[in-house]
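Working through the structure, step by step
For reference, the chains in residue letters:
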Amino acid sequence: MTDAVTRRALLAGGGAAAALLATGAAGARILPSSLQPLIGPGYRPTDRDELGMWQQMQRVEEEIAGSNLLIKDAGVNRYLQALIGKVGGPAAQDMRIYLARIPEFNAVMFPTGFAVVFSGLLLRMRDEAQLAGVIAHESSHFLLKHQIRQWRDMKRRTDVLSFASMLGGMAGGAAGIYTGDLAQLAQLGTILTLLRYNRQLEAEADALGIKLIAGNGYDPRSMSETWEQLIGEVELSARVRRKRPDRGYSIFSTHPAPRERMIDLRQSAAELTVPGRAYDRGRERYLQGIGSIRPTLFDDQVKLNDAGATRYIVETLAKDGWNGQLRFYEGESLRLQNADAIQDRAALSYAAAIAYPDAPADAWRWHGIYLMKAGRRDEGRAALQRYLAMAPSAPDAPFVRQMLVS
Amino acid sequence: MNKRMLSAVAAASLGLSGCTGGGVGGFGLYSLVRPGRTVKVGNGAMTVVAPREWNRTTRNGFTDVRYVEDWTLNGPYLDGISFVSALPDNHRIIRQEYKADRQVPKFRSVMTPPEIAALVESLYRIEGGASDWRTLNLAPRAFLGTGGFQLDYEHLDGDELWRKGRAVGAVIDGRLYMMIFDAARSHYYDSALPDFEAMAASAQLRR
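About the thresholds
- The written sequence of each chain sets the order in which its residues are numbered from 1.
- Going through the entries in the order they are written, you letter the chains from A and number the ligands from 1.
- In view of the model being predicted, local features appear only for residues whose pLDDT reaches at least 70, and side-chain atom pairs are presented and counted only at 80 or more, with totals across whole chains, interfaces and linings using the full set of residues.
- Elements are defined by DSSP. Helices are runs of H or I of four residues or more, strands are runs of E of two residues or more, and each kind is numbered from the N terminus.
- Counting other C-beta atoms within 10 Å of a residue's C-beta gives its exposure: the residue is buried at 20 or more, exposed at 12 or fewer, and partly exposed in between, where C-beta atoms are placed from the backbone.
- Contact between two residues is assigned when their C-beta atoms, built from the backbone, lie within 7 Å.
- The rule for pairing is simple: two strands pair if DSSP sees at least two bridges between them.
- To obtain each axis, a line is fitted to C-alpha atoms, and for helices this fit is confined to the stretch in contact; angles are then taken between N-to-C directions over 0 to 180 degrees.
- In this entry, domain limits derive from an automatic or database-based domain assignment.
- For this classification, Asp, Glu, Lys and Arg are treated as charged, while Ala, Val, Leu, Ile, Met, Phe, Trp, Tyr, Cys and Pro are nonpolar and the rest, including Gly, are polar.
- Nonpolar cores are identified as sets of buried Ala, Val, Leu, Ile, Met, Phe, Trp, Tyr and Cys residues joined via C-beta atoms within 7 Å.

**Notes on the overall build of chain A**
Of the regular secondary structure elements, chain A holds 21 helices and 3 strands. Residues counted as buried form 46% of the 406 residues belonging to chain A. For chain A, restricting intrachain contacts to residue pairs at least 6 apart in sequence, the fraction spanning at least 24 positions comes to 68%.

Now the structure itself:
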């Protein structure tokens, strides 16, 4: 991103520009040490406008809590709730967290202290420190009362928008969060627009968030890594499709200026790191916490056939070591690309996957199918038999049995 | 596959569906399929006989694939059948933007039924907005007088409604012939399944 673009983006967000000019330090990093939470445990609003907002938000939360798009896995939800309870600052015990099955990288904090985490976020995190960073960032929006500050700022600038009608749209949108072509759901767009914070507020949430995770013993460098991963993914996705990176409804639309924030977060991490102190990454805990739904998260991503994004995700997770699951999904992504030149590579990935003890049964099936297609019928049959032995009641077992006899 | 069928859910949530006068999204029109008559579908390479009146969508050369045609009984929100007739190697089942981030795989003549099943799944996930997908069954089945396959599945869409579907197909001379039935899981699937089965049994190649 060039300087010119950044400056234009700042000017476009008039509130942000004004706030920065007022402090006389446009673009300056906010020091983590300069921020304190504005609310404590059990916070309840007293001002009239904020009371109204809370009332509406309770309806939104009821809609979301009852949605069947939520992932209900009790273990995973307990894990997420415990994590926000740990890094959510003074109001941690008041916060709620909902996991929505949406294969996108995003998380949204609502004004009354509940967060919606998209399942695509959990797929992309390498360890608990990275996830803790995102959750602490979102919690900080609540701790710093950003929603009501943003709203008051907006009201000062314009009377055209009626807050009540926007909230009406939010309640409706939350009732049916559309997960496929997100651009089709104008109401979700309304939610995301309203919850889009300006550069100043995002920088504040970053600064307080990184202080919260470092204070809890997590490696503070994890927050800038998350941005690095996100930028890398969007760029590779676009490069594979030979176009410029642009993801309207991804986290970039609600969290602007990623590159600058990544740089600021790196500096803050260096500042917060206490020499000699051991920082926690929590990778084992993370894998244990979300392991039960990881195949689902992978399926949801891979089958969208966004080749560059999937490749980036698989390779990023593989920095912690390849395993059968990662090789299998590498093969799945290559297979779906469906180009002759790549089919051989898909076959190689499946062959590599089955060499690991954790290879899923599906890896054996595809390994077998690719062997059969390559004319290696005996080896193919053996692999398919192995598949049937591992998954005797698989839905496609009747078809695979026919392949064995034909 | 017609985008209007798959995006019926999205259209409804935006208030565009209002099926007044048979139009969906304001531009698609239906024509009546009479029962008991042999009807050419898709590009005309396959014929079926409907057991009762169905509605076929008028296709648009700019947005639709000419090998694919959609029918509905109660409107695309509730049920529909898509006919794929003689889709050639390396062709798409649905029209998509060339540089779309998420792309439904192209059909290849060398595909095995498990690969075609994966193609159907990606179609619903990418263009239909399915957030949960369950393959219920993939088994051999005769279709158009040859060895084909039957895929049964169900999916949860963005409007929080479960839908259920059945695809019956075969690859003949390197081209894909398939009928996909997809309907709201409660009531509508069971109600129109006998029609689908009758049409699948009546399907014939037209050479």
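**What about the sheet that holds strand β3 (residues 114-118) of chain A?**
All names here are of chain A. The 3 strands are arranged β1-β3-β2 in an open sheet whose pairing can be described as mixed. Bordering the open sheet on either side are β1 (96-100) and β2 (107-109), each of which pairs with just one other strand. On average, each strand axis in the sheet is inclined to that of its neighbour by 15°, with strand direction left out of account. Sheet strands touched by helix α6 (residues 128-143): β2 and β3. Its angle to β2, the strand with the most contacts, is close to 25°.

**Focus: the domain arrangement of chain A**
Residue and element names in this part refer to chain A. Assigned domains of chain A: these are domain 1 (3-272) and domain 2 (291-405). If you look at the interface, domain 1 gives 19 residues, while domain 2 gives 17 residues. The set of elements that each furnish at least two residues to the side of domain 1 that touches domain 2 consists of α4 (74-87), α5 (119-124) and α11 (222-240). Of the residues forming the side of domain 1 that touches domain 2, the biggest block, 7 residues, is contributed by α11. The residue inventory of the side of domain 1 that touches domain 2, partitioned by class, reads 7 nonpolar, 6 polar and 6 charged.

**A few points about the environment of Leu99(A)**
Residue and element names in this part refer to chain A. Among the secondary structure elements, Leu99 is positioned in strand β1. On a C-alpha basis, the gap between Leu99 and Leu143 in space is 21 Å, while along the polypeptide they are 44 residues apart. In this structure Leu99 touches Leu70, Ile71, Val76, Asn77, Leu80, Val117 and Ser119, once residues within four positions along its chain are discounted.

**Focus on the interface of chain A and chain B**
In this assembly, 30 residues from chain A lie in contact with 36 residues from chain B. For the side of chain A that touches chain B, the elements supplying multiple residues, two or more each, are α19 (361-373) and α21 (397-405) of chain A. Ranked by residues supplied to the side of chain A that touches chain B, first place goes to α21(A) with 3 residues. Partitioning the side of chain A that touches chain B into residue classes produces 11 nonpolar, 10 polar and 9 charged.

**Things to note about unusual backbone geometry**
Located in the positive-phi region is Asn305(A), a residue other than glycine, with phi close to 55°. Within the secondary structure, Asn305(A) sits in the loop between α15 (294-302) and α16 (307-317).

**Quick look at the nonpolar core**
In terms of nonpolar packing, the biggest core is built from 143 residues, with Ile93(B) and Met179(B) touching the most fellow members. Ranked by the residues each element gives to this core, the list is headed by helix α10 (residues 199-215) of chain A, at 9 residues. If you count residues domain by domain, this core takes at least three from each of domain 1 (3-272) and domain 2 (291-405) of chain A. Filtering out sequence-adjacent residues up to four positions away, Met179(B) remains in contact with Ile81(B), Phe83(B), Val168(B), Met199(B), Ala200(B) and Ala203(B).

**Here's the deal with the pairing of strand β9 (residues 162-172) of chain B**
Residues and elements named next belong to chain B. Summarising burial for β9: 9 of the 11 residues are buried, a large majority. Inspection of the sheet shows strand β8 (residues 146-156) paired to β9 by 8 bridges, in the antiparallel sense. Across the sheet, the residue bridging to His155 is Arg163, located in β9. Counting the residues between successive antiparallel strands, the hairpin from β8 to β9 contains 5 residues, one of them, Glu160, with a positive phi of roughly 65°. Strand direction decides the pairing type here: β9 and strand β10 (residues 175-184), joined by 10 bridges, are antiparallel. In the sheet register, Val171 faces β10, and the bridge partner there is Leu176. Between β9 and β10, which pair antiparallel in sequence order, lie 2 residues; one of them, Asp173, sits at a positive phi of approximately 50°.

**Overview of the environment of Asp396(A)**
Tracing the sequence through the fold places Asp396(A) in the loop between α20 (377-390) and α21. Separated by 132 residues in sequence, Asp396(A) and Asp264(A) have C-alpha atoms that sit 51 Å apart. Not counting residues within four places of it along the chain, the set of residues in contact with Asp396(A) comprises Pro114(B), Thr135(B) and Leu138(B).

**Remarks on the sheet that holds strand β11 (residues 204-205) of chain B**
Residue and element names in this part refer to chain B. One open sheet holds the 3 strands; their spatial order is β2-β3-β11, and the pairing between them is antiparallel. The open sheet is flanked by β2 (38-41) and β11, the only strands paired with a single partner. Of the strand pairs in this sheet, strand β3 (residues 46-49) and β11 are connected by 2 bridges, and their pairing is antiparallel. By the bridge assignment for β11, Met46 is matched with Leu205.

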